[in-house]
Amino acid sequence: MTELKGALIGCGFFAINQMHAWKDVEGADIVAICDRDPERLKVVGDQFGIDRRYRDAEAMFADGGFDFVDIATTVQSHRALVEMAAVNKVPAICQKPFAKTLSDAKAMVEACRNAGVALMVHENFRWQTPIQAVRKALDAGTIGTPFWGRFSFRSGYDVFSGQPYLAEGERFIIEDLGIHTLDIARYILGDIRSLTARTKRVNPKIKGEDVATILLDHENGATSVVDVSYATKLSKEPFPETLIELDGSEGTIRLTQGYRLEIAHGRGTTTMDVSPKLLSWASRPWHNIQESVYAIQQHWVDQIKRGAEHSTSGADNLKTFALVEAAYDSAARGQTIDVGAML
Ligand code: NAD
Ligand code: 89Y
């Protein structure tokens, strides 16, 4: 198989996972890295043996020699970097949150479409083993037609030590974590017509909201609740598990803490362990996320080789990103938001 050559921009906290995963992915190799911080460039360059190192993305694109770019910076630089990739006709992967605003996100999708290059958002949570298992059970028709769901992420885990910027933004949990939970709700129960949200800040040391409850009306008539919290202190910390409840015409699916999947229907109840694999470079409790990083990056390569659309293409992610904007708007105005009208 011909190896695709990739370049990574942003050598921070999460990029370490992406670099490890690229080592495992079949069909791609990272040949150049870029970070405006020389220390991060050295740490990642030395750890992964990458000689081509740049502090400026323009200079890296000017030198070229790579088939795609993996943008692992924080949101502020996403639009400029994705548009730079488009101008240089280089396919791009961009970390979540895709953009600062929906209009920026639309412009980024448009730029890549006009340039004729692939664009995938690194929206990895739907690639987690337990989420894939729920989708498989639903697709197999085990519970009939789903009419109700709950997608829940409640934790007291200290995410601020690894990602201090999360405490500083006006927006926190919906933009950072709820974005994944909303994407899972779409992935499992389909696109959303309208949304109502309420938010709260419990932790006085941070600027943004750390609790959100969101009611979703799906286009297929199902109703679901997305509830996320980083202010929930439980006896057994569930980070970073998304728990799911689905009720269908013929039965129910429950994904519970400890990666247990229970499917109940007329013929009885099946219980399965759907734990993620602990990859050689992974560490608990992050291994669930880390395995999904590998899965989405392998998917990037596989679809590029097939010339096929990515599951979380830029165009697909507009529908998830719209939910983020709609949730903040709904919470601020106390109103239900028509999501379809935003797209
Ligand atoms: P970070 O601040 O640790 O790292 C970002 C790096 O990008 C820094 O080293 C910074 O110097 C560099 N950078 C920023 N702008 C740049 C530019 N224009 N050119 C070159 N370098 C630039 O951030 P992080 O915690 O690694 O997060 C990065 C992104 O990953 C965020 O968008 C975050 O939401 C996302 N993230 C995703 C997951 C997931 O599961 N998908 C998990 C954690 C973080
Ligand atoms: O940034 C977030 C993400 O995408 O997954 C978990 C996280 O690292 C903290 O909420």
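Residues numbered from 1 in each chain as written. Chains lettered and ligands numbered in written order. Predicted model: local features only at pLDDT ≥ 70, side-chain atom pairs only at ≥ 80, totals over all residues. Heavy atoms only, no water.

Looking at the packing of aromatic side chains
Link 1 in the chain: Within this structure, the stated rule accounts for 11 aromatic pairs.
Link 2 in the chain: An aromatic cluster is present here, built from Phe-13, Phe-153, Tyr-157, Phe-160, Phe-172, Tyr-230, Phe-239 and Trp-286 joined pairwise through their rings.
Link 3 in the chain: Of note, Arg-135 hangs over the ring of Tyr-187, and the distance from its end group to the ring centre comes to 4.5 Å. (Phe/Tyr/Trp six-rings, centres within 6.5 Å; stacked < 30°, edge-to-face > 60°. Lys NZ or Arg CZ within 6 Å of the ring centre and 35° of its normal.)

Details of helix α2 (residues 38-48)
Link 1 in the chain: Of the residues making up α2, those classed as buried are Leu-41, Val-44, Gly-45 and Phe-48. The arc enclosing the buried residues of α2, seen along the axis, measures out at 100°, which places them on a common side.
Link 2 in the chain: The inward-facing, buried residues of α2 contact α1 (15-24), β2 (28-34) and β3 (52-54).
Link 3 in the chain: Where α2 begins, one side-chain oxygen reaches toward the backbone nitrogen of Glu-39, 2.9 Å away; that side chain belongs to Asp-37. (Buried < 20%, exposed > 50% of the residue type's maximum accessible area, 1.4 Å probe, protein only. Helix = DSSP H or I, 4+ residues; strand = E, 2+ residues; numbered from the N terminus. Arc of directions from axis to C-beta. Contact = heavy atoms within 4.5 Å. Polar contact = N/O pair within 3.5 Å; in protein donor to acceptor, adjacent residues only side chain to side chain.)

Overview of the domain arrangement of the protein chain
Link 1 in the chain: For the protein chain, the assigned domains are domain 1 (4-117) and domain 2 (126-283 + 319-342).
Link 2 in the chain: Between the C-alpha centres of domain 1 and domain 2 there is a distance of 27 Å.
Link 3 in the chain: Contact with domain 1, which involves 15 residues of that partner, is made by 13 residues of domain 2.
Link 4 in the chain: Summed over both sides, the interface of domain 1 with domain 2 buries roughly 1200 Å², with 66% coming from carbon and sulfur.
Link 5 in the chain: Summed over the three residues of domain 1 that lose the most area to domain 2, namely Phe-13, Lys-96 and Leu-102, the buried surface amounts to 43% of that side.
Link 6 in the chain: With its nearest N and O atoms 3.2 Å apart, the salt bridge here joins Lys-96 to Asp-176. (Domains from an automatic or database assignment. Buried area = accessible area lost by both parts, 1.4 Å probe. Salt bridge = Lys/Arg side-chain N within 4 Å of Asp/Glu carboxyl O.)

Thoughts on the sheet that holds strand β6 (residues 119-122)
Link 1 in the chain: Pairing in this open sheet of 6 strands is parallel, and the strands run β3-β2-β1-β4-β5-β6 from one edge to the other. Whereas interior strands pair on both sides, the edge strands pair on one side only; in this sheet they are β3 and β6. For this sheet, the mean angle separating the axes of adjacent strands, direction not counted, is 25°.
Link 2 in the chain: As paired elements, strand β1 (residues 4-9) and strand β4 (residues 68-71) share 4 bridges and run parallel to each other. Looking across to β4, one finds that Leu-8 is bridged to Asp-70.
Link 3 in the chain: Packed onto the sheet, α1 meets β1, β2, β4, β5 (92-95) and β6 and runs at close to 145° relative to β2. (Pairing = 2+ DSSP bridges. Axes fitted to C-alpha atoms, helices over the stretch in contact; angles between N-to-C directions.)

Details of unusual backbone geometry
Link 1 in the chain: In this model, Lys-96 is joined to Pro-97 through a cis peptide bond whose omega is -20°.
Link 2 in the chain: With respect to the helices and strands, Pro-97 occurs in the loop between β5 and α5 (102-115).
Link 3 in the chain: Note that the residue after Phe-239, namely Pro-240, is joined by a cis bond; omega there is -5°.
Link 4 in the chain: Mapped onto the secondary structure, Pro-240 falls in the loop between β10 (223-229) and β11 (243-248).
Link 5 in the chain: Unusually for a residue other than glycine, Lys-89 sits at a positive phi of about 60°.
Link 6 in the chain: Assessed through its relative accessible area of 54%, Lys-89 is described here as exposed.

Some thoughts on the pattern of salt bridges
Link 1 in the chain: Scanning the entire structure with this criterion turns up 19 salt bridges.
Link 2 in the chain: Note that Asp-139 is salt-bridged to Arg-135, the shortest N-O span being 3.1 Å. Of the two residues, Asp-139 and Arg-135 are both situated in helix α6 (residues 129-139); the distance of 4 residues between them amounts to about one turn of the helix.
Link 3 in the chain: A relative accessible area of 55% places Asp-139 in the exposed class.

Some thoughts on the site of ligand 1
Link 1 in the chain: Taken together, 25 residues lie near ligand 1, and Phe-14, Asp-35, Lys-96, Asn-124 and Tyr-165 sit nearest.
Link 2 in the chain: At 2.7 Å, a side-chain N or O of Asn-124 approaches a nitrogen atom of ligand 1.
Link 3 in the chain: With respect to ligand 1, the side chain of Tyr-165 contributes an N or O atom lying 2.7 Å from an oxygen atom.
Link 4 in the chain: Across the complex, the protein chains shield 88% of the 860 Å² of accessible surface that ligand 1 would expose by itself.
Link 5 in the chain: Two domains each donate at least three residues to the shell around ligand 1, and these are domain 1 (4-117) and domain 2 (126-283 + 319-342). (Near = heavy atom within 4 Å. Areas by Shrake-Rupley, 256 points an atom, 1.4 Å probe, with all protein chains shown as cover.)

Quick look at the pairing of strand β12 (residues 251-256)
Both faces of the sheet carry side chains from a regular strand, because those side chains alternate between them.
Link 1 in the chain: In β12, alternate side chains face the same way, and those of Gly-251, Ile-253 and Leu-255 are buried while those of Thr-252, Arg-254 and Thr-256 on the opposite face are not.
Link 2 in the chain: Here β11 folds back onto β12, and the loop between the two strands holds 2 residues.
Link 3 in the chain: Hairpin connection, β12 to strand β13 (residues 260-265): the antiparallel pair is bridged by 3 residues, and Gly-258 has positive phi, about 95°.

Some details on the side chain of Ser-194
Link 1 in the chain: Along the polypeptide, Ser-194 turns up in strand β8 (residues 192-200).
Link 2 in the chain: At 2.6 Å, the side chain of Ser-194 and the side chain of Asp-217 are in polar contact.
Link 3 in the chain: Residues contacting Ser-194, with those up to four places away along its chain left out, are Leu-215, Leu-216, Asp-217, Thr-336, Ile-337, Asp-338 and Val-339.

Examining the site of ligand 2
Link 1 in the chain: The environment of ligand 2 is made up of Lys-96, Phe-125, Val-159, Gln-163, Asp-176, His-180, Tyr-230 and Trp-286.
Link 2 in the chain: Asp-176 is positioned with one of its side-chain polar atoms (N or O) 2.5 Å from an oxygen atom of ligand 2.
Link 3 in the chain: The separation between an oxygen atom of ligand 2 and a polar side-chain atom of Tyr-230 is 2.7 Å.
Link 4 in the chain: Per-class residue counts for the shell around ligand 2 are 4 nonpolar, 2 polar and 2 charged. (Nonpolar A, V, L, I, M, F, W, Y, C, P; charged D, E, K, R; others polar.)

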